[in-house]
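Chain by chain, the residues run as shown.
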Amino acid sequence: MTIRELREKAMKLPLSPGVYIMKSEKDEIIYIGKAKALKNRVSQYFGSDKNHPEKVRQMVAHVDHFDYILCGSEFEALVLECSLIKQHKPKYNILLKDDKGYSYIRVSNDQWRRISFVMQKADDGAEYLGPYMSAWFARNAVDEALKIFRLPSCNKVFPRDFNKSRPCLNYYIKQCSAPCCGRVDLKEYLESVNAAVEFLKKGNNDSVRQMTERMEAAAENLDFELAAKLRDRITAVKRITEKQQVVSVNTPEQDAISLITEGADACFAVLRFSEGRLYDKEDFLIREMGERADLPAARADFIKQYYTMRDTVPPVITLDAPPEDEELLLGWLSEKRGKKVRFLYPQKGENQKILERCRQNAAEKLAQSRGHLGHELSALDELATLLGLSKPPVWIESYDISNLMGAENVAGMVVFKNGRPHKESYRRFRIKGFQGQDDYASMHEVLTRRFEEYFKNRDSGEGFGQLPDLILLDGGKGQVSAVRPVLERFGLDVALFGMVKDGKHKTRAITDEGREIAITSKRQAFTLVSEIQEEVHRFAIGYHRLARKKKTIGSSLTEIDGIGKERAAALLSFFKTIKRISQAEVEELLQVKGMTRPAAEAVYDHFHPPAGRKNDTEK
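Because the structure is predicted, anything quoted here is derived from the model rather than measured.

### Focus: the pairing of strand 2 (residues 29-35)
Counting buried residues in strand 2 gives six out of seven residues, a clear majority hidden from the surface. With six bridges joining them, strand 1 (residues 18-23) and strand 2 adopt antiparallel strand pairing. Within the sheet, the bridge partner assigned to Met22 lies in strand 2 and is Tyr31. Count of turn residues in the strand 1/strand 2 antiparallel hairpin: five residues, of which Asp27 carries a positive phi of about 70°.

### What about the packing of helix 4 (residues 74-88) against helix 10 (residues 326-337)?
Here helix 4 crosses helix 10 at 65°, and the two axes come no closer than 10 Å. As the angle between them shows, helix 4 and helix 10 are arranged roughly perpendicular. The two elements helix 4 and helix 10 cross, and the hand of that crossing is right-handed. Contacts between helix 4 and helix 10 involve Glu74, Phe75, Leu78, Val79 and Cys82 on the former and, on the latter, Leu328, Leu329, Gly331, Trp332 and Glu335. Per-class residue counts for the contact of helix 4 with helix 10 are seven nonpolar, one polar and two charged.

### With respect to the nonpolar core
Among the nonpolar cores identified, the biggest contains 37 residues, and Leu383, Ile396, Leu470 and Phe497 are the most heavily contacted of them. Those elements that provide at least two residues to this core are strand 7 (253-262), strand 8 (265-274), helix 11 (349-370), helix 12 (374-387), strand 13 (407-417), strand 16 (470-474), strand 17 (495-501) and helix 15 (523-558). Setting aside anything within four residues of it in sequence, one finds Phe497 in contact with Leu387, Leu470, Ile471, Leu472, Leu473, Val480, Ile510, Thr511, Asp512, Arg515 and Ile517. Counting residues in each nonpolar core, the second largest holds 31 residues, with Ile115, Tyr132, Cys180 and Met211 among its members.

### So, empty space enclosed by the protein
Following the criterion strictly, the structure yields one cavity of 30 Å³ or more and no others. Reported here for the largest cavity is a volume of approximately 60 Å³. Lining of the largest cavity is provided by Pro152, Cys154, Lys156, Phe158, Pro167, Cys168, Tyr171, Cys176, Ala178, Pro179 and Cys180. A per-class count over the lining of the largest cavity returns ten nonpolar, no polar and one charged.

### Comments concerning the state of the cysteines
In total, this model carries zero disulfides according to the counting rule given. In this model Cys176 remains outside any disulfide bridge; the closest cysteine sulfur is found in Cys168, 5.5 Å from its own. Not engaged in a disulfide, the cysteine Cys181 finds its nearest cysteine sulfur in Cys180; these two sulfurs lie 3.6 Å apart. What makes Cys181 buried here is its relative accessible area of 14%.

### Section: helix 11
In this model helix 11 runs 32 Å from its N-terminal to its C-terminal C-alpha over 22 residues, within 8% of the 32 Å that 1.5 Å per residue would give. Three or more residues of helix 11 are buried, namely Asn351, Gln352, Ile354, Leu355, Glu356, Cys358, Arg359, Asn361, Ala362, Ala363, Leu366 and Ala367.

### Overview of a nonpolar patch on the surface
A contiguous nonpolar surface patch, about 350 Å² in accessible area, is contributed by Leu169, Tyr172 and Ile173. As for its placement among the helices and strands, Leu169 is situated in helix 6 (residues 169-172).

About the criteria used
- Counting from 1, residues in each chain are numbered in the order their sequence is written.
- Under the rules for a predicted model, residues below a pLDDT of 70 receive no local features and side-chain atom pairs below 80 are neither given nor counted, while totals for whole chains, interfaces and linings still include all residues.
- Side-chain calculation: all heavy atoms of the structure are included, whereas hydrogens and water are not.
- Classification of residues uses two cut-offs on accessible area relative to the type maximum, computed with a 1.4 Å probe and protein chains only: under 20% is buried, over 50% is exposed, and between them is partly exposed.
- Put simply, DSSP marks the helices as runs of H or I at least four residues long and the strands as runs of E at least two long, and each gets a number from the N terminus on.
- Between any two strands, pairing holds if DSSP finds at least two bridges.
- The axes are straight lines fitted to the C-alpha atoms, using for helices just the contacting stretch, and the angles between their N-to-C directions are given from 0 to 180°.
- Angle categories are assigned with fixed cut-offs, so that under 35 degrees is roughly parallel, over 145 is roughly antiparallel, 65 to 115 is roughly perpendicular, and the rest are oblique.
- In this scheme, a crossing is called left-handed if the near helix is turned counterclockwise away from the far one by less than a right angle; it is called right-handed if the turn is clockwise.
- Every residue pair with non-hydrogen atoms within 4.5 Å of one another is taken to be in contact.
- Polar here means any residue outside two lists: the nonpolar Ala, Val, Leu, Ile, Met, Phe, Trp, Tyr, Cys and Pro, and the charged Asp, Glu, Lys and Arg; Gly therefore counts as polar.
- Residues belong to one nonpolar core when they are buried, are Ala, Val, Leu, Ile, Met, Phe, Trp, Tyr or Cys, and are joined through side-chain atoms within 4.5 Å.
- A pocket here means an open set of points on a 1 Å grid, computed over the protein atoms alone, that has protein on both sides within 12 Å along at least five of seven lines. A cavity is instead a set of points where a 1.4 Å probe fits but cannot get out; residues with an atom within 4 Å of a point line either one.
- Grid points are joined across faces, edges and corners, and a volume is the space filled by probe spheres set on the points.
- Note on terminology: disulfide denotes any pair of cysteine sulfur atoms within 2.5 Å.
- The length a helix should cover is 1.5 Å for every residue beyond the first.
- Residues enter a patch when their relative accessible area is above 30% and they make no salt bridge; the linking distance is 9 Å between like charges and 5 Å between nonpolar side chains (Val, Leu, Ile, Met, Phe, Trp, Tyr).
- Residue-level accessible areas treat just the shown protein chains as cover; the underlying method is Shrake-Rupley with a 1.4 Å probe.
- Salt bridges are defined as contacts in which a side-chain nitrogen from Lys or Arg sits within 4 Å of a carboxyl oxygen from Asp or Glu.

In structure tokens form, the structure reads like this:
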């Protein structure tokens, strides 16, 4: 069917709840959705595509026909949608790869027993602990046991690799007993392995209690060496336990979910807590979600699919922002759990710390997949939340004015892309519209010229053809008020804020025309904004100093007979420095545009005594 035919069919649908099923020319199901009113929802796909994200446009382009199923209520439609998505896995729905297989901890049965994490159980005579539903938990448990009981984590094979190398760093930081170098005998080594296995089987509390009893008995028997060893193990277990907890959680069971986006890609991170402790972590990369994706809808889709895959639903789900159809989702989750479920959107306290840790995990995973650093994406996400932006600002432009009592009035523009300086996009401006000092008028002129260039180059999408996600001005409300009319004149919807400094010229807050937003409590956002403000100030003042230097140099050249401002500028443009001008011969000076022989000889004579000038006919 054509788009027109599809729209005509959609307009004939009833205004009833239901599920719609988009199909390709080959009758493959490519998208499944639910609607409160089928006619209204489905017809939107086949109208104007200007407000559709790229992924939706691609989906619509592949739709040949669609089916629908009427439901008694929107809630019934939601349940059916989740079931059908799980069954058919359509291409254009957000699909999560569930890697929740069983994991094991393997204890080899050779002479020098080794403990390791494995994904599958083999029939090899080894002892296997598990299965564990959380691979993350099993892997961390192995890492902790190896560190506490000072067991090797390397790939060396014992006794084959004995005394073939020096002890590694783990030995010197007391995380390995270095059996490879004979620093521990077999009996003592196996005792440590057995203690580690008991630790993995019984957990922290039982292990500490058992080791404490053995330590006290050893002390009573005057075996102080063994008592000291057990004391060190107990200390290590307690240290690991404190590190595990990260933050205390009042809710005994909850999940925390955060979404981070960069460009068309996104990542959801989930931290799962039980009995007040973190027991699982999961990351889900979503490719090609679209730069204009509907984030509340994306959150709702994720929640539906995630808990369709999971057998259990916690009583509390902590989110970084509300999902679409919030009440409907809560009803579905509560029915699935058999008890009431609630969403939490914390702004402070312990749960806010948990959510921040969740964001950092999502940012790190997405950054690694795109070759960036996690803290950069996390800072951009934090800044977006702080400023009320719909998504993290990928392209940030910042402007600063520099002059000396109105002289050599210039401006600098720096660009931060994905949280990093993008120096090839930096630009310099010389203020041309007036003489004297007026920072507000200067900022107005610079941004006007910048966006005039945008409309000339926007088809290219490069350089000035790129529209910023955020503009940060070095200054307060006055600068923001001076630039706001520029954006309104061009009809541009770009976030605009000023960066306010304290008495020590350090970043203190961000401001718009009506309020100041303190950022000192937001560590990563504060660091990023401070870096941007320092960089734009450095760049602007560097250009100002260069302009003053050129003017001073140009003035020294204009003192020469026959050299005016234009010839001085031409000389500097050609030779770059005064030193090279002073070393040039007359014939070289004549290569400069606009130079005459008398002028060239005058320049040469200025830097050389007349008697020192060579006769041009001499060879």
